[in-house]
Amino acid sequence: MESMLNKLKSTVTKVTADVTSAVMGNPVTREFDVGRHIASGGNGLAWKIFHGTKKSTKQEVAVFVFDKKLIDKYQKFEKDQIIDSLKRGVQQLTRLRHPRLLTVQHPLEESRDCLAFCTEPVFASLANVLGNWENLPPSISPDIKDYKLYDVETKYGLLQVSEGLSFLHSSVKMVHGNVTPENIILNKSGAWKIMGFDFCISSSNPSEQEPNFPCKEWDPNLPSLCLPNPEYLAPEYILSVSCETASDMYSLGAVIYAVFNKGKPIFEVNKQDIYKSFSRQLDQLSRLGSSSLTSIPEEVREHVKLLLNVTPTVRPDADQMTKIPFFDDVGAVTLQYFDTLFQRDNLQKSQFFKGLPKVLPKLPKRVTVQRVLPCLTSEFVNPDMVPFVLPNVLLIAEECTKEEYVKLILPELGPVFKQQEPVQASNMILLIFLQKMDLLLTKTPPDEIKNSVLPMVYRALEAPSIQIQELCLNIIPTFANLIDYPSMKNALIPRIKNACLQTSSLAVRVNSLVCLGKILEYLDKWFVLDDILPFLQQIPSKEPAVLMGILGIYKCTFTHKKLGITKEQLAGKVLPHLIPLSIENNLNLNQFSSFIAVIKEMLSRLESEHRTKLEQLHMMQEQQRSLEIGNQMNASEETSVTHTGSQQIDKVFNNMGTDLLTGGESENKEDGLQNKQRRASLTLEEKQKLAKEQEQAQKLKSQQPLKPQVHTPIAPSKQTKDLTDTLMDNITSLTSLSASTPKLSASSTFTSVPSAGLNMMFSTPIDNTKRNLTNGLNANLGFQTSGFSMPVNPNQNFFSGSSTAGVTTMTLGAAPTLSSYSPLSVPPAAVKQAQQRPADMSALNNLFGPQKPKVSMNQLSQQKPNQWLNQFVPPQGSPGMGSATMGVQANVMGQAAFGMQGNPFFNPQNFAQPPATMTSSSSASNDLKDLFG
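For the structure given in this document, a descriptive report is provided here. Starting afresh in each chain, residues are numbered from 1 along the sequence in its written order. Owing to the predicted nature of the model, reporting of local features is limited to residues with pLDDT of at least 70; listing and counting of side-chain atom pairs is limited to 80 or more, with chain, interface and lining totals taken over all residues. To get the side-chain values, all heavy atoms of the structure are used, and hydrogens and water are removed first.

**Examining the overall build of the chain**
Secondary structure elements follow DSSP: runs of H or I of four or more residues count as helices, runs of E of two or more count as strands, with numbering from the N terminus. A tally of helices and strands in the chain yields 37 helices and 12 strands. Within the chain, the fraction of its 933 residues that count as buried is 48%. Surface exposure here means Shrake-Rupley accessible area, sampled with a 1.4 Å probe, where a residue is shielded only by the protein chains that are shown. Summed over its atoms, the accessible surface of the chain is roughly 45,800 Å², and 53% of this surface lies on carbon and sulfur atoms. The classification of residues rests on relative accessible area computed with a 1.4 Å probe and restricted to protein chains. Under 20% of the type maximum is buried, over 50% is exposed, and intermediate values are partly exposed.

What follows is the structure in structure tokens.
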């Protein structure tokens, strides 16, 4: 990579050095900047042609430079001869002015090292194009290397040379004397120009007499640059030392032959023995047949044969050659007309430009770009001709690449975009641009679109001509995708809306609505909803076409996947606008049906969307409500168990005592307060659940009272016991106890002591001797609990009031092991009765769960409410459980959730931090053991 860069650097440095050395000190450099070496031309291709720019005007030129180093090998007098010959040719060219001759823009300047002059911009010489690259830079430009002459270029080029010779022969009375490919220059536009007047011969007779052209004898001792090229020289120059205008025509024939034979001349001349070569050539020319000219097109072959005739008088003159059918080609005639365009009036030009679009497709692209386009753009200075020239320029632009368009065409279109005078021409220009708007937006850079193209579109929308407005509105949708969104939103759409509201033309108003409907897909949804749809309600006219246009915009917005109308817009703005329009008297049946169909579709979607929303909202509300109920249940259970569980158990004892002693009056009052609280805070599901519990309690109350059964202790046995019978016996005992409770309220949830959901044994001394109640369950439970000590005042009845008068102190202490439980401290009769009725509860342990782990009170106090209740309430559907037990379970759940408030008995602190000491009471311990069994 580095070596390539170094090579490139050395090449550039060398070229720069060559250019600098070539023109160093020449006065031409004062006014012109000399650029790269592009071609070579002149006699022997001795002139190097450089690209140049005029410093003052930045005008492009070609700088011809002859480096005197080329003639260092010659003697001084020979050098002087060569310099004089070159100077003569340039000076003669400078004096002559004709479109077919190379135009000199700065005369010859001589310095110590070189000769230099400036001409119009040049591409190359015909010799370079035909493959003669002598005196060219080492790296030949691909433009020259790959250049290919098209037939139309060849025909018109030869026609131009013929016209140039005709001018010399007829008007100037001059023989060129050296018509060769080296002296034919192709300018930048592709036109063929004649130069190299080093050996020209002017007539020695006055202009009114027959011209006479004196000729010098061939001197082989002169340097080659002081002699014409013998390969294109007529035989009479050498053999008879005479020349005339027909001699140039022979040279023209030789040039035509070389053009169609890749630059090879018809005869090769030995310059060392020039006379012998010409004698042989003369003999060959006399026998020249058509077979020798097969490479030349047939329609010009006979004319070339005449041009190469040995007899000068047989050769056609230059004026005759310009009129041969070979040059009647449509392309050649078109190019010829362009060269004479400045001589035509506006009417002739307009007629020519109208027919030009039919000819341009037949011309090669390079010809149209190099030859036709410059001639067309030069007419933009004539405002009246712009509407006729512009379609042809845009037609050429379609064939150009984007780079060619930006470089060659767009700079010329800038003034045309802004042209507004004359008005008629300006309107036609707008129409032409609108028809080619897709081309302009595709190839024009974004900055120029904003600065030049779109302002012209805006001007068309605001034009007073209805035709221009209609055309603009019809064309805008075809290139809407090429317009940037900010320009469309902030500039184009407001002008379309203004055209719709302010016009008095129904066609413009309808086209505005149609245009909006077609470009909706390029707009943003919210812009359409906030700007386009409200605009529809501002349209004042009620013509059917306008109403159908409004309906079309609504329908396009409603059905488009990207856009769509929200149900709020449908209900609040769209339907209230469409429904009154649908019953306009101007609408026919089909139009009314279209309105109704769209309205029904909108109503259907409105209904479905809003129904779906409401259903989803309802489902969300139900889910939220269920979550709130669950949270309330969890919070209520946690609160009732961890904070007020002890108070509720205390109320169980007190209410039981009060019911037994006072007939349940206190319980009824408290239950009444609880019911009021429930009615104020319970949900419907909770109330339904509570009603079921009350109904179950009423059923239990209405049952016949059952007498307690006395169970005799059964010694433990390893044999499998019938758990069903044991469970049924226990349930019977519980039921009999519930039935024996006097004066229980029907609405109370505490139907019996077992209804608390705790399988416990409870001895109630009522008259200290006669009544001793048990629950009939075995006190030997399957888990150990902390010991309880509940001293009882012997002088006070245990159930003397609503409060727990029998409990004076209560301390808790951890008992590491309790192999057996002592009975509660009760009167002697109760103790005796309890001692006679021991029972085995191992079967019940198995029923409530296989191999239940022993749980301490601390563990129970830390469990969640549902887990804590599950320790005592078996799940529904457990084997061996009857309806009474299920009712008890439901009742207990209701009481745990809603009935245990404010009892300090189940304060978690009482279990979490037990005191170190504890008053022992075997009776209380046994009772609580049964309670938590």
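**Section: the packing of helix H19 (residues 446-461) against helix H21 (residues 485-502)**
Packed helices, taken two at a time, are described by their axes: the angle between them and the distance between them. Every axis in this analysis is a line fitted to C-alpha atoms, fitted for helices over the stretch in contact. Angles between the N-to-C directions lie between 0 and 180 degrees. Where H19 contacts H21, the two axes come as close as 9 Å, and the packing angle between them is 15°. Classified by the angle between their axes, H19 and H21 sit roughly parallel to one another. Where H19 crosses over H21, the handedness of that crossing is right-handed. Taken together, the residues of H21 that come into contact with H19 (itself represented by Lys450, Leu454, Val457, Tyr458 and Leu461) are Ser487, Ala491, Leu492, Arg495, Ile496 and Ala499. Its residues assigned to classes, the contact of H19 with H21 comprises eight nonpolar, one polar and two charged. These descriptions rest on fixed angle ranges, namely under 35 degrees for roughly parallel, over 145 for roughly antiparallel, 65 to 115 for roughly perpendicular, and the rest for oblique. What makes a crossing left-handed is the near helix being turned counterclockwise from the far one by less than a right angle; a clockwise turn instead makes it right-handed. Contacts were defined at the residue level, with two residues in contact if any of their heavy atoms lie within 4.5 Å. Charged means Asp, Glu, Lys or Arg here, nonpolar means Ala, Val, Leu, Ile, Met, Phe, Trp, Tyr, Cys or Pro, and polar covers whatever is left, Gly included.

**Things to note about a nonpolar patch on the surface**
Any residue with relative accessible area above 30% and no salt bridge may belong to a patch, with like charges joined within 9 Å and the nonpolar Val, Leu, Ile, Met, Phe, Trp and Tyr side chains within 5 Å. Salt bridges, as used here, are contacts in which a Lys or Arg side-chain nitrogen is within 4 Å of a carboxyl oxygen on Asp or Glu. On the surface, Ile583, Leu589 and Phe592 cluster together to form a nonpolar patch covering roughly 320 Å² of accessible area. According to the relative accessible area criterion, Leu589 is exposed, its value standing at 63%.

**Structural notes on the sheet that holds strand S9 (residues 192-194)**
Should DSSP find at least two bridges between two strands, the strands are taken to pair. Spatially, S6-S8-S9 is the arrangement adopted by the three strands of the open sheet, whose pairing is antiparallel. Looking at the sheet topology across the chains shown, the edges are occupied by strand S6 (122-125) and S9. Put simply, the sheet's adjacent strands are angled 35° from each other on average, direction ignored. Note: S6 against strand S8 (residues 184-187), three bridges, orientation antiparallel. For Ala124, the partnering residue across the bridge sits in S8 and is Leu186.

**Thoughts on the nonpolar core**
Buried Ala, Val, Leu, Ile, Met, Phe, Trp, Tyr and Cys residues form a nonpolar core when they are joined through side-chain atoms within 4.5 Å. Phe66, Leu413, Phe433, Met437, Leu440 and Ile476 are the most contacted members of the largest nonpolar core, which has 190 residues in total. The dominant element in this core, judged by the number of residues it contributes, is helix H8 (residues 245-259), at nine residues. Apart from the residues lying within four places of it in its own chain, the contact partners of Phe66 are Ala46, Trp47, Ile71, Ile82, Ile83, Leu86, Asp113, Cys114, Leu115 and Leu225.

**Quick look at a negative patch on the surface**
His residues and chain termini do not enter the charge count, which takes Lys and Arg as positive and Asp and Glu as negative. We put the charge of a Lys on NZ, of an Arg on CZ, of an Asp on CG and of a Glu on CD. A cluster of like negative charges, contributed by Asp151, Glu298, Glu299 and Glu302, occupies part of the molecular surface. Looking at the negative patch element by element, the count peaks at three residues for helix H10 (residues 298-307). Its place among the elements puts Glu302 in helix H10. Residue Glu302 is classed as partly exposed on the basis of its relative accessible area, which comes to 46%.

**Things to note about helix H16 (residues 402-417)**
One fewer than the residue count of a helix, multiplied by 1.5 Å, yields its expected span. The terminal C-alpha atoms of H16 lie 19 Å apart, and with 16 residues this falls more than 12% below the ideal 22 Å at 1.5 Å per residue. For a residue, the bend is simply the angle between two axes, fitted respectively to the seven-residue segment ending there and the seven-residue segment starting there. Roughly 50° is the biggest bend found in H16, and it falls at Ile409, with proline Pro411 one to four residues downstream. Those residues of H16 that fall on the buried side of the exposure criterion are Tyr405, Ile409, Leu410, Leu413, Val416 and Phe417. On the buried face of H16, the contacting elements are helix H14 (365-377), helix H15 (386-399), helix H17 (423-435), helix H18 (437-443) and H19.

**Observations regarding the pairing of strand S2 (residues 47-54)**
Note: strand S1 (residues 32-41) against S2, seven bridges, orientation antiparallel. Across the sheet, residue Val34 finds its bridge partner in S2, namely Gly52. Between S1 and S2, which pair antiparallel in sequence order, lie five residues; one of them, Gly42, sits at a positive phi of approximately 85°. Examined bridge by bridge, S2 and strand S3 (residues 60-67) share six bridges and lie antiparallel to one another. Bridge pairing in S3 places Gly52 opposite Val61. Here S2 folds back onto S3, and the loop between the two strands holds five residues, one of which, Lys58, carries a positive phi near 60°.

**Let's talk about the sheet that holds S3**
Two modes of strand pairing occur in sheets, parallel and antiparallel, and in both the strands are linked by backbone hydrogen bonds. Strand order in this open sheet of five strands is S1-S2-S3-S5-S4, and the pairing throughout is antiparallel. The sheet is open, and its two edges are formed by S1 and strand S4 (104-110), each paired on a single side. The mean inter-strand angle of the sheet, taken between neighbouring strand axes irrespective of direction, is 25°. Sitting on the sheet, helix H3 (residues 76-95) touches S2, S3, S4 and strand S5 (114-119), and the angle it makes with S4 is about 160°.

**Things to note about the side chain of His37**
Positionally, His37 belongs in strand S1. A polar side-chain atom of His37 sits 2.9 Å from the main-chain carbonyl oxygen of Ala39. With residues up to four places along the chain from it excluded, the contact list for His37 reads Lys48, Ile49, Phe50, Asn135, Leu136 and Pro137. Polar contact is defined as a pair of N or O atoms within 3.5 Å, subject to the rule that within protein one atom must be able to donate a hydrogen and the other to accept it, and that residues adjacent in sequence are counted only when both atoms are side-chain atoms.

**A short note on H3**
The end-to-end C-alpha distance of H3, which contains 20 residues, comes to 29 Å, matching closely the 28 Å that a straight helix rising 1.5 Å per residue would cover. Every buried residue of H3 is accounted for by Glu78, Ile82, Ile83, Ser85, Leu86, Gly89, Val90, Gln92 and Leu93. As for H3, its buried residues are in contact with S2, S3, S4, S5, strand S7 (174-175) and S9.

**Some details on unusual backbone geometry**
With phi around 55°, Lys173 is a residue other than glycine that occupies positive phi space. Inspection of the secondary structure assignment puts Lys173 in the loop between helix H6 (151-172) and S7. Residue class for Lys173 comes out partly exposed when judged on its relative accessible area of 27%. Positive phi, normally seen in glycine, also occurs at Val241, with a value near 50°.

**Focus on the packing of aromatic side chains**
Stacked, tilted and edge-to-face are the three classes assigned to paired rings of Phe, Tyr and Trp, where Trp is represented by its six-membered ring and a pair needs centres within 6.5 Å; plane angles under 30 degrees give stacked, over 60 edge-to-face, the rest tilted. Tallied over the entire structure, the rule returns nine aromatic pairs. When the ring of Phe64 is compared with that of Phe117, the centres are 4.9 Å apart and the planes differ by 15°; the resulting orientation is stacked. A residue pair is termed long-range when its members are at least 10 positions apart, and Phe64 in strand S3 and Phe117 in strand S5 qualify at 53 residues. Using a relative accessible area of 0% as the deciding quantity, one classes Phe64 as buried. Taking the centre distance of 5.1 Å and the plane angle of 80° together, the rings of Phe338 and Phe352 count as edge-to-face. Of the two residues, Phe338 is situated in helix H12 (residues 330-339) and Phe352 in helix H13 (residues 346-359); the sequence distance between them amounts to 14 residues. Note on accessibility: Phe338 and Phe352 belong to one class, buried. Through successive ring pairs, a cluster of aromatic residues spans Trp47, Phe64, Phe66 and Phe117. Positioned above the aromatic ring of Phe326 is the side chain of Lys155, whose terminal nitrogen or guanidinium carbon lies 5.3 Å from the ring centre. Here, a charge over a ring means that NZ of Lys or CZ of Arg falls within 6 Å of the ring centre while also lying within 35 degrees of the ring normal. Across the ring face of Tyr147, the terminal group of Arg366 is positioned such that the distance to the ring centre comes to 4.1 Å.

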